[in-house]
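# Understanding the architecture of this molecule
These are the residues of each chain, in order.
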Amino acid sequence: MSEADSPEDFNPFKGMPIFGDLGQLFSQQAASTWETARQVATAVAAEGQSEPNVDPVDRLALEELGRVAELQVANSTGLSTTRRGQAAAVTAVTRSQWAVATIGAYQELLEPIGSLSSRAEAEDAFSDSVQAMFGQLMKMIGPAMLSMTAGSMVGNLARRSLGQYDLPIPRDGSQLMVVPANIDALAAEWSLDRSDLRLWVCLSELTHHAVLSIPHVRARLDELLGDYVRGFEASPAALESRLGELDLADPDSLSSLQSVLGDPEIILGAIQSPAQRRLLPQLTALVAVIAGYVDWTMDSIGHGLISSYQRLSEALRRRRVTANASDRFIEKMLGLELGQEHYDRGSAFARGVVERAGAAGLARLWHSARELPTPAEVDAPGLWLARIDLPH
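Conventions adopted
- Residues numbered from 1 in each chain as written.
- Predicted model: local features only at pLDDT ≥ 70, side-chain atom pairs only at ≥ 80, totals over all residues.
- Heavy atoms only, no water.
- Helix = DSSP H or I, 4+ residues; strand = E, 2+ residues; numbered from the N terminus.
- Buried < 20%, exposed > 50% of the residue type's maximum accessible area, 1.4 Å probe, protein only.
- Contact = heavy atoms within 4.5 Å.
- Areas by Shrake-Rupley, 256 points an atom, 1.4 Å probe, with all protein chains shown as cover.
- Expected span 1.5 Å × (residues − 1).
- Axes fitted to C-alpha atoms, helices over the stretch in contact; angles between N-to-C directions.
- Parallel < 35°, antiparallel > 145°, perpendicular 65-115°, else oblique.
- Left-handed = near helix turned anticlockwise from the far one by under 90°.
- Nonpolar A, V, L, I, M, F, W, Y, C, P; charged D, E, K, R; others polar.
- Salt bridge = Lys/Arg side-chain N within 4 Å of Asp/Glu carboxyl O.
- Phe/Tyr/Trp six-rings, centres within 6.5 Å; stacked < 30°, edge-to-face > 60°.
- Bend = angle between axes of the 7 residues up to and from the residue.
- pLDDT = per-residue confidence, 0-100.
- Core = buried A, V, L, I, M, F, W, Y, C linked by side-chain atoms within 4.5 Å.

When helices and strands are tallied, the protein chain shows 18 helices and 4 strands. Evaluated residue by residue, the protein chain yields a buried proportion of 52% over its 392 residues. The long-range fraction of contacts in the protein chain, counting pairs at least 24 apart against all pairs at least 6 apart in sequence, stands at 78%. Total accessible area on the protein chain is roughly 17500 Å²; 52% of this is exposed by carbon and sulfur atoms.

Listed below in structure tokens is the structure:
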């Protein structure tokens, strides 16, 4: 590589209106990917405005509801919500606080996507000078695009999420974040009882936390999520193809170029691999079973505790499969793009086990890694019961 072709001097946008300094900007940002991601997430979450702290009255009310929910979940499931000697505690946070914490929690999962361009180069993906140019472009802007994409995705999630387990991703610590601004906005929008909705969210968060705190469950889910994200294949041809369609001498093409550069899937160059397609049934089966168990537990507790429980549950279970495009993108990148059929599958499994072996049979789900059902067993609860030697 000549001095003129060094990464510092390579700028494919040089001389182009608007984009002349993008290459330099991306190079400067590469060293601070996750700090940039936090800044973007915070700005998106708060819509660029100063966000007030959670009202102390709301904070105390949610902490009290959390204690009620913790007792109910522990009594119903027999599972502990204590992690490393610390009892779970519901903590009310702002959207910005939720976004910053979530960037940290998702960082390890998302980092492999940012290295796709380097992996493609190492695998000799660029067979000619044109592909090499686009390969260098992707390598240069990959970290910056990852930071902006991750920050934007998490910032948008912060404006919608009611708690920290809207996506069933294990997290460290015993503090369970809930976002009262989002809970209250949803209650107002859908004419739901605010106090009932707050308790519903606390119950859901504590039940998820109890399941995801089981060491072998967390280990298996972490393994599947990590393997899925690392399984993406780099596709420099996607960016090359889209840019190759543009006539950069035509000023009207600049808007199209902006559209291409704003498509994170193309810029990140992440396409689903055969290995991911083989892995996906295992990941979706485990997540479906967790969701089915949580729903069954919520139903067992909620009807006697929350006066408007049935209406709340119907509304919130519809809501979880009607996410917007930005939410769907992060779900797709993590292998968690679940439709109603997946949730129905998990609920049918839980009901099938309880009908055959009672609540004690369903509790066997979490005894050891051996009891985690296979994808085939999720569709046939009797087969799962037979394998773990329970009468049915």
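Between its first and last C-alpha, helix H9 (residues 215–230) extends 22 Å over 16 residues, near the 22 Å set by a 1.5 Å rise per residue. Of all the residues in H9, the buried ones are His216, Val217, Leu221, Leu224, Leu225, Gly226, Tyr228 and Val229.

A few words now on the packing of helix H8 (residues 194–212) against helix H13 (residues 274–305). Between H8 and H13, the least distance of the axes is 10 Å, while the angle of their chain directions is 140°. Between H8 and H13, the angle falls in the class oblique. Remark: the crossing between H8 and H13 carries right-handed chirality. Together, Leu199, Trp200, Leu203, Ser204, Thr207, His208, Val211 and Leu212 of H8 and Ile290, Tyr293, Val294, Thr297, Met298, Ile301 and Leu305 of H13 make up the contact between the two elements. Per-class residue counts for the contact of H8 with H13 are 11 nonpolar, 4 polar and no charged.

Right, let's talk about the packing of H13 against helix H14 (residues 309–319) for a bit. Packing of H13 against H14 leaves a shortest axis separation of 10 Å and a crossing angle of 155°. When the axes of H13 and H14 are compared, the pair comes out roughly antiparallel. Between H13 and H14, the residues in contact are Asp295, Met298, Asp299, Gly302 and His303 and Tyr309, Gln310, Ser313 and Arg317, respectively. Taken together, the residues of the contact of H13 with H14 break down into 2 nonpolar, 4 polar and 3 charged.

Before going further, it helps to examine the pattern of salt bridges. Here the idea is simple: oppositely charged side chains can pair when their charged atoms come close. All chains considered together, the criterion is met by 17 salt bridges. Among the ionic pairs, arginine 38 bridges to glutamate 35, the shortest N-O distance being 3.2 Å. A residue pair is termed a helical-turn pair when its members lie 3 or 4 positions apart in one helix, as arginine 38 and glutamate 35 do in helix H2 (residues 33–45) at 3 residues. The closest approach of N and O atoms between arginine 387 and glutamate 377, which form a salt bridge, is 2.5 Å. Here glutamate 377 lies in helix H17 (residues 375–378) and arginine 387 lies in helix H18 (residues 381–387), a separation of 10 residues in the sequence. Its relative accessible area of 7% is what places glutamate 377 among the buried residues.

Moving on, we get to the packing of aromatic side chains. Under the criterion given, the structure shown has 3 aromatic pairs. For the pair tyrosine 293 and tryptophan 366, a centre-to-centre distance of 5.2 Å together with 85° between the ring planes defines the contact as edge-to-face. Residue tyrosine 293 is located in helix H13, and its partner tryptophan 366 is located in the loop between helix H16 (340–363) and H17; the two are separated by 73 residues in the primary sequence. Summarising the burial analysis for this pair, tyrosine 293 and tryptophan 366 share the class buried. Measuring from ring centre to ring centre gives 5.5 Å for phenylalanine 349 and tryptophan 384, while their planes differ by 65°; the resulting arrangement is edge-to-face. Here phenylalanine 349, found in helix H16, pairs with tryptophan 384, found in helix H18; they are 35 residues apart in sequence, far enough to count as distant.

Once that is clear, we can look at the environment of glycine 155. Assignment of secondary structure puts glycine 155 in helix H6 (residues 129–158). In this structure, the C-alpha to C-alpha distance between glycine 155 and threonine 42, residues 113 residues apart in sequence, is 6.2 Å. In this structure glycine 155 touches Ala41, Val44 and Ala45, once residues within four positions along its chain are discounted.

Our focus in this paragraph is unusual backbone geometry. A positive phi is found at glutamate 47, a non-glycine position, where the angle reads about 55°. Structurally, glutamate 47 is set in the loop between H2 and helix H3 (56–77). Its relative accessible area of 53% is what places glutamate 47 among the exposed residues. Even without glycine at this site, arginine 84 takes up a positive phi of about 55°. Looking at the element boundaries, arginine 84 is found in the loop between H3 and strand S1 (89–92). Classification of arginine 84 as exposed rests on a relative accessible area of 80%.

Before going further, it helps to spend a moment on H16. The first and last C-alpha atoms of H16 sit only 24 Å apart over 24 residues, clearly below the 34 Å expected at 1.5 Å per residue. Along H16, the sharpest change in direction is near 125° and occurs at alanine 357. Structurally, H16 contributes buried residues whose contacts are with H13, H17 and H18.

Our next topic: the side chain of glutamate 331. Mapped onto the elements, glutamate 331 comes out in helix H15 (residues 325–334). When near neighbours in sequence (up to four residues on either side) are disregarded, glutamate 331 contacts Leu167, Ala323, Leu336 and Glu337.

Below, the discussion takes up the confidence of the model for the protein chain. Low pLDDT means the predicted coordinates in that region are not meant to be read closely. Looking at the protein chain, the pLDDT average stands at 82 and 73% of residues meet or exceed 70. Predicted confidence is poor over residues 1–31, with pLDDT under 50, and the contacts of this stretch with residues over four places away or in other chains come to 42 contacts. Predicted confidence is poor over residues 122–126, with pLDDT under 50, and the contacts of this stretch with residues over four places away or in other chains come to 9 contacts.

What follows covers the nonpolar core. General note: in soluble globular proteins, nonpolar side chains tend to be found buried as a group. In terms of nonpolar packing, the biggest core is built from 90 residues, with Leu197, Ile290 and Trp366 touching the most fellow members. Sorting elements by how many residues they give to this core places H13 first, with 12 residues. Apart from residues lying up to four places away in sequence, isoleucine 290 is in contact with His208, Val211, Leu212, Val217, Leu221 and Trp366.

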